[in-house]
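Residue-level structural notes
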Amino acid sequence: MQELFKKAEENLQKYWGFDSFRSGQDKAVESVLAGKKTLVLFPTGGGKSLCFQVPATVFEGLTLVISPLVALMQDQVEQLKAKGVSATFINSTIPNYEVEQRLINARNGMYKLLYCAPERLSSELFQFELEGLGVEMVAIDEAHCISEWGHDFRPAYRDIRSSLQVLPDSTRWIALTASATPEVQQDILENLQFEEANILAKGFERPNLKWWVVHTSKKREKLIESVEKASKKGDGLIYGGTRKNCEYWAGFFSKKGLSSEPYHAGIDAELRKEVQQRWISGETPLVVATNAFGMGIDKPDCRYVIHDEMPYSLEAYYQEAGRAGRDGEEAFPVLLYKESDFIAAENRLKKSYPTREEFEKVYQALCDSFHMAVGSFMEEPRLLDLDNVALRSRLSPSVCRSVIRLLNQFNVIALQEEVKAAFAIQFMLSREMLQKFKERCKNPEKAEFVDKLERLLGANSFSDLAEIEEETILKKLEVNRNTLVKALNVLMQSDQILAYHVMKERDVVKVIEARSSKLPLSKDQVERHRNVLLSKLDMMNRFINTTGCREVFLRNYFGDTGASDCGHCDNCLNQEGSKTNAAVTEDKISKVLEMIKEEPISALQVSRDLGYSKEEIRLIFRFLVSEGKIKAFDEAPGYYSLSSESARF
Ligand code: ADP
Ligand code: MG
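All values derive from a computational prediction rather than experimental measurement.

**Regarding the sheet that holds strand β14 (residues 382-383)**
- Taken together, 3 strands build an open sheet; the order of strands is β14-β19-β15 and the sheet is antiparallel. Looking at strand neighbours, the two that pair on one side only are β14 and β15 (413-419), the edges of this open sheet.
- Pairing between β14 and strand β19 (residues 506-511): 2 bridges, direction antiparallel. Within β19, the residue paired with L383 across the bridge is V508.

Below you can see the structure in the form of structure tokens.
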């Protein structure tokens, strides 16, 4: 055991070039090496991948990694290969003959890691090969997908355990996620049959972050005031909600002398990269962004993150606000909230969630756009033509896009967004003829170029278009794009030895099952998903309204229990609040609750009927909201009603 861990540390250095495990990672690695079933809960960016990738390099056998997203899978495999760790993946975007080849390779011990989409596990091909693969460890990434309470529930995740039933008892198991509330944790443990598992939660504490929620009816003034104060400390970020708001506030602060830029999905990808870069370098001290500003942007010295709009879940909030203070120095996540925000967000969520009819229309339009007949299968992923789908379904492109994303989540289709630009090239002569062409070629540089190209594209390129990412081909052939295009044009037009075309960055889709005459989704499935989203929003609202320590609330939510008060969030520091807190007795709280049980009430009514002070009533309402007992009443501003949850009891 000691020896295995030493080997793991060596490999961490050898393949990744890292000197040591982070605290928590070491425990997780030790735990799997010791053969303990392990559940890892680290926040995003916390370094979960290494917890299974490093042990995978230590074991003789194969590590099977279950991962939900095609793009994630591909990225990780590329990264591993670049480091010299052999790995591959199978998912629904890979044609069957290729899946077969990869499984045969795996059986022959060619890989350390095999990434696999959950729905592949039950396929006949996989089941046939499974026993022979020599699986020594199973790693389930994004394990919250197992739970209906997770924000990305994937039905196929629930069948992982039963699909892998034939694996011997000695198989090691590890599951990993960034967001596992206690319910989700329980679901994961039960579903995977992790008895006596090691649960490792780490990294949710952010002692340098001073969480702050501002309850106000004047958000505009508060935003200006907050930026004025915070920008003295350094660079920051505002989450502005809509594109229009982002444009507006970036302009506003720039005019006031604080150079700011907007960032949202409506801005050209190139320009977006530049904005990111200028923010990271400090040239632009403030960016006002929608939630499109995301993954992979790391600026250690971001001093503040202000939310002008409440996010739809604590997962999203923690991730966005958590961009502040990555360097460990003091930083401020600030959330501005006015009472009607929750109702507005809830209504927006309800309105934007596609109806069943919209699901049906988009599914049919999508299949039509690929000319799929009912009962027929789609062989390979195809280009998504969103405008065409919109036209056929008579729905807006944005509705179509959100339905398509949900269909992806429900595993009706496999969607791969922003597939990188690529070249598709095919030789138009036989291998022997190409050999002759090279020999006869007067220009040795040209002959060498063709030779390199041939080796890069492989044997398939003589019978079919071979796709290769632009980045890869430029690097391997050591040319720039212009030179490559010129060379290919000569080879296509003058020499006529190949054909090629350029594929821009694009989205591709594969309909997974045969086309069905009706949308292959139950009403229940859709309904449940929608309700989970609503309950996530509700938790966000409870966080906003809690009168307890913010950090404790967040850490509890993420399963990191037993934390003590941070002592520096708005609630911990609010002395006056705690005085009133003391005055707010259980008796008073239950009297207010009794009133609300009768009918929705406002603060004014409570003060008239019970004579409590304004501040007391405000705190009582907040307390009851944070406990999930009541919520803002959507038919009259300022009123509160029983939440549906407590209405049930
Ligand atoms: P997660 O899956 O938890 O979101 P990742 O596994 O993608 O996080 O890791 C996030 C980043 O942290 C990666 O860039 C990774 O290289 C880096 N990282 C992880 N562990 C270490 C370590 N022990 N030393 C240095 N960097 C690390
Ligand atoms: Mg990860």
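**Thoughts on the pattern of salt bridges**
- The final tally for this structure, using the stated rule, is 37 salt bridges.
- In this structure, the salt-bridge partner of E274 is R278, at a minimum N-O distance of 3.8 Å. Here the residue E274 and the residue R278 both occupy positions in helix α11 (residues 269-281), the gap between them amounting to 4 residues, near one helical turn.
- Judged by relative accessible area, which is 38%, E274 ranks as partly exposed.
- Ionic pairing is found between K597 and E594, a salt bridge with its closest N-O pair at 3.9 Å. Of the two residues, K597 and E594 both sit in helix α25 (residues 586-598), 3 residues apart, roughly one turn of that helix.
- Using a relative accessible area of 48% as the deciding quantity, one classes K597 as partly exposed.
- Assessed through its relative accessible area of 45%, E594 is described here as partly exposed.
- Through salt bridges that share partners, R431, K438, D451, E454 and R455 make up one connected network.

**Notes on the site of ligand 1**
- Around ligand 1 sit 13 residues in total, of which S20, Q25, G45, K48 and S49 are the nearest.
- Within the side chain of Q25, one N or O atom sits 2.8 Å away from a nitrogen atom of ligand 1.
- Interatomic distance of 3.4 Å between a backbone N/O atom of G46 and an oxygen atom of ligand 1.
- For ligand 1, the accessible surface in isolation is 570 Å², of which the surrounding protein chains cover 66%.
- Residues belonging to the shell around ligand 1 are distributed by class as follows: 4 nonpolar, 7 polar and 2 charged.

**Regarding the sheet that holds strand β16 (residues 422-427)**
- With antiparallel pairing, the 3 strands of this open sheet are ordered in space as β17-β16-β18. Only two strands of the sheet have a single partner each, and these edge strands are β17 (466-469) and β18 (498-503). Averaged over all pairs of adjacent strands, the angle between strand axes in this sheet comes to 25 degrees, irrespective of strand direction.
- Against the sheet, helix α19 (residues 470-477) makes contact with β16 and β17, and its axis sits at roughly 80 degrees relative to β17, the strand it touches most.

**Re the pairing of β17**
- Residues of β17 alternate between two faces, with A466 and I468 buried on one and E467 and E469 left unburied on the opposite face.
- Judged from the 4 bridges that link them, β16 and β17 form a sheet pairing that is antiparallel. Directly across from A424, in β17, lies its bridge partner E467.

**Regarding the packing of aromatic side chains**
- Evaluated as defined, the whole model comprises 22 aromatic pairs.
- Judged by centre distance (5.5 Å) and plane angle (85 degrees), the ring pair of W279 and F293 falls under edge-to-face. Here W279 is found in helix α11, whereas its partner F293 is found in the loop between β11 (286-289) and β12 (304-307), with 14 residues between them in sequence. F293 shares its class with W279; the two are buried.

**Quick word on the nonpolar core**
- By size, the foremost hydrophobic cluster in this structure holds 128 residues, and its most contacted members are F126, I140 and L164.
- Not counting chain neighbours up to four residues away, the residues in contact with F126 comprise L64, I90, L103, L114, C116, R120, L121, L133 and L164.
- In terms of nonpolar packing, the next biggest core, distinct from the first, is built from 29 residues, F370, F410, I413 and L521 among them.

**Concerning unusual backbone geometry**
- Here the phi dihedral of H371 falls at roughly 55 degrees; this positive angle occurs in a residue that is not glycine.
- Of note, H371 is situated in the loop between α14 (356-369) and β14.
- With a relative accessible area of 66%, H371 lands in the exposed category.
- In the Ramachandran plot, R394 falls in the positive-phi region, its phi being about 60 degrees despite a non-glycine side chain.

Conventions used here
Along each chain, residue indices are assigned from 1 in the same order as the chain's sequence is written. For this description, chains carry letters from A and ligands carry numbers from 1, given in the order in which they are written. Local features in this predicted model are restricted to residues whose pLDDT is 70 or higher, and side-chain atom pairs enter the listing and the counts only when it is 80 or higher, whereas totals over whole chains, interfaces and linings include all residues. The basis for every side-chain value is the complete set of non-hydrogen atoms in the structure, without hydrogens or water. Two strands form a pair only when DSSP identifies at least two bridges running between them. For helices the rule is a DSSP run of H or I covering at least 4 residues; for strands it is a run of E covering at least 2, with both sets numbered from the N terminus onward. Salt bridges are defined by distance alone: a side-chain nitrogen of Lys or Arg within 4 Å of a carboxyl oxygen of Asp or Glu. Using a 1.4 Å probe on the protein chains alone, a residue whose accessible area is under 20% of its type maximum counts as buried, one over 50% counts as exposed, and one in between counts as partly exposed. Note on terminology: near, applied to a residue and a molecule or strand, indicates that one of the residue's heavy atoms is within 4 Å of it. Within 3.5 Å is the distance limit for a polar contact, defined as a pair of N or O atoms, with the added protein rule that one can donate a hydrogen and the other accept it, and that residues adjacent in sequence qualify only through two side-chain atoms. Accessible areas in this description were obtained via Shrake-Rupley with a 1.4 Å probe; residue shielding takes into account the shown protein chains only. The classification used treats Ala, Val, Leu, Ile, Met, Phe, Trp, Tyr, Cys and Pro as nonpolar, Asp, Glu, Lys and Arg as charged, and all other residues, Gly among them, as polar. All axes are obtained by fitting lines to C-alpha atoms, using only the stretch in contact for helices, and the reported angles, taken between N-to-C directions, cover 0 to 180 degrees. Contact definition: two residues touch when any of their heavy atoms are within 4.5 Å. For Phe, Tyr and Trp, rings pair up if their centres lie within 6.5 Å, where Trp contributes its six-membered ring, and each pair is then called stacked (planes under 30 degrees apart), edge-to-face (over 60) or tilted (otherwise). Definition of nonpolar core: a set of buried residues of the types Ala, Val, Leu, Ile, Met, Phe, Trp, Tyr and Cys, connected through side-chain atoms within 4.5 Å.

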